[in-house]
Amino acid sequence: YQTLTASMYGEKRFLLDDLSLVQIGVALPVRSGSFGIQAQSFGSASFNQNKLGFAYGRSLNEQVNIGVQFNYHYYHIAGYGSAGAVTIEGGLLYRFSPTIEAGVHVFNPTRSGFFRYKEEDLPTVVSAGLGYSPSPALHLSSTLVKQWNRPLDVQTGLQYNLGQRLLVKGGIATASSACFVAAGYALSFINLEVVASFHPQLGISTGIMLTFKNGAQ
């Protein structure tokens, strides 16, 4: 990021209050790169999953960007207690040209588990993706996601910019056959994006994201 950026995202998964997600992120650019903070909460008072992450990313050159994030996870189940865990994740983005880029991301490569329940590991997830922009208005992407002990998931999507302020998105994930659509609008210093997704067995989820950029035009 070239300027201070903050984002807020809220989602009601499958339209259930007990499956609500709230996520807040802040990115602060510095001379050597950017620092980031991410806070996330999912669930309800009886069952909730929370995460706090601290990240750093930078460009090695005009083609290569790298980043790493350290997370603290806190899970609580009413009547059973709470547990915490620490994980690390990192990624690399390589630009082959102004229109083609590829990236890899690894979450929890050490298979870290909860402090209280040593036998319970958080999953290791490896992702690799490719992005292609055939024109300034259109961006296509495809990502392979492999979570430990789960089938490979292929996620494809596109984004189309309708002028300088309006955009639309869509995509699908093969593992769950879930699909999503989104629409966004950019103002001088704030971007608004509305998202809806559909799972064949579980139904509809809705979300909204606000992104603030200091000094954006």
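Residues numbered from 1 in each chain as written. Predicted model: local features only at pLDDT ≥ 70, side-chain atom pairs only at ≥ 80, totals over all residues. Heavy atoms only, no water.

Engineer: Lay out the side chain of glutamine 69 with the relevant residues and their values.
Structural biologist: Tracing the sequence through the fold places glutamine 69 in strand S5 (residues 64-77). The class of glutamine 69 is buried, set by a relative accessible area of 14%. Once you skip the residues sitting within four places of it in the chain, glutamine 69 turns out to touch Gln38, Lys51, Gly53, Phe54, Ala55, Thr87, Ile88 and Glu89. (Helix = DSSP H or I, 4+ residues; strand = E, 2+ residues; numbered from the N terminus. Buried < 20%, exposed > 50% of the residue type's maximum accessible area, 1.4 Å probe, protein only. Contact = heavy atoms within 4.5 Å.)

Engineer: Now, about unusual backbone geometry: what can you tell me, with residues and values included?
Structural biologist: The backbone of asparagine 108 sits at a positive phi, close to 55°, despite the residue not being glycine. Along the chain, asparagine 108 falls in the loop between strand S7 (100-107) and strand S8 (125-135). Among the residues examined, asparagine 108 registers a relative accessible area of 0% and is labelled buried. You will see that serine 177, though not glycine, has its phi angle at about 60°, which is positive. Along the polypeptide, serine 177 turns up in the loop between strand S11 (166-173) and strand S12 (178-186).

Engineer: Before we move on, could you go through the side chain of serine 205 and cite the residues and values that matter?
Structural biologist: With respect to the helices, strands and loops of the structure, serine 205 is situated in strand S14 (residues 203-213). One polar contact links the side chain of serine 205 to the main-chain amide nitrogen of phenylalanine 14, over a distance of 2.8 Å. Setting aside its immediate chain neighbours within four residues, serine 205 contacts Lys12, Arg13, Phe14, Val195, Ala196 and Ser197. (Polar contact = N/O pair within 3.5 Å; in protein donor to acceptor, adjacent residues only side chain to side chain.)

Engineer: Could you give me a rundown of the packing of aromatic side chains, with the residues and numbers involved?
Structural biologist: Applying the stated criterion across every chain yields a total of three aromatic pairs. Consider the rings of phenylalanine 35 and tyrosine 56, whose centres lie 5.0 Å apart with planes at 45°: the pair is tilted. Of this pair, phenylalanine 35 sits in strand S3 (residues 33-43) while tyrosine 56 is found in strand S4 (residues 47-59), placing the two residues 21 residues apart along the sequence. Residue classification places phenylalanine 35 among the partly exposed positions, given a relative accessible area of 43%. (Phe/Tyr/Trp six-rings, centres within 6.5 Å; stacked < 30°, edge-to-face > 60°.)

Engineer: Please set out the pairing of strand S9 (residues 138-147) residue by residue, giving values where relevant.
Structural biologist: Where S8 lies against S9, nine bridges are found, and the strand directions are antiparallel. Within S9, the residue paired with valine 125 across the bridge is glutamine 147. Between S8 and the antiparallel strand that follows it, S9, lie two residues. Turn length for the S9-strand S10 (residues 153-162) hairpin, with the two strands adjacent in sequence and antiparallel, is five residues, and the turn residue asparagine 149 shows positive phi of about 70°. (Pairing = 2+ DSSP bridges.)

Engineer: Give me the lowdown on a nonpolar patch on the surface, citing residues and values where you can.
Structural biologist: A surface patch of nonpolar side chains, about 1,000 Å² in accessible area, is lined by Leu4, Val26, Leu28, Val30, Phe35, Ile37, Leu52, Phe54, Tyr72, Tyr74, Val86 and Phe115. Put simply, the parts of the chain that give the nonpolar patch at least two residues each are strand S2 (20-30), S3, S4 and S5. Per-element accounting of the nonpolar patch gives the leading share, three residues, to S2. Turning to its location among the elements, valine 30 is positioned in strand S2. (Patch = residues over 30% accessible without salt bridge, like charges linked within 9 Å, V, L, I, M, F, W, Y side chains within 5 Å. Areas by Shrake-Rupley, 256 points an atom, 1.4 Å probe, with all protein chains shown as cover. Salt bridge = Lys/Arg side-chain N within 4 Å of Asp/Glu carboxyl O.)

Engineer: Run through the pattern of salt bridges, naming residues and quoting values.
Structural biologist: Note on pairing: side chains with opposite charge can pair once their charged atoms come close. Counted according to the given criterion, the structure contains five salt bridges. In this structure, aspartate 17 and lysine 12 form a salt bridge, with 2.8 Å as the shortest nitrogen-oxygen distance. By relative accessible area, which is 33% here, lysine 12 ends up partly exposed. A salt bridge links arginine 95 to glutamate 101, with the shortest nitrogen-to-oxygen separation between them at 3.8 Å. The exposure class assigned to arginine 95 is partly exposed, which follows from its relative accessible area of 31%.

Engineer: Go over the pairing of S2, please, and point to the residues and values.
Structural biologist: Relative to S2, strand S1 (residues 5-12) runs antiparallel, the two being bridged by eight bridges. Bridging from a neighbouring strand, threonine 5 pairs with alanine 27 of S2. Taken together, the 10 bridges between S2 and S3 define a ladder with antiparallel strand orientation. Directly across from isoleucine 24, in S3, lies its bridge partner alanine 39. Where S2 folds back on S3, the antiparallel hairpin that results is connected by two residues.

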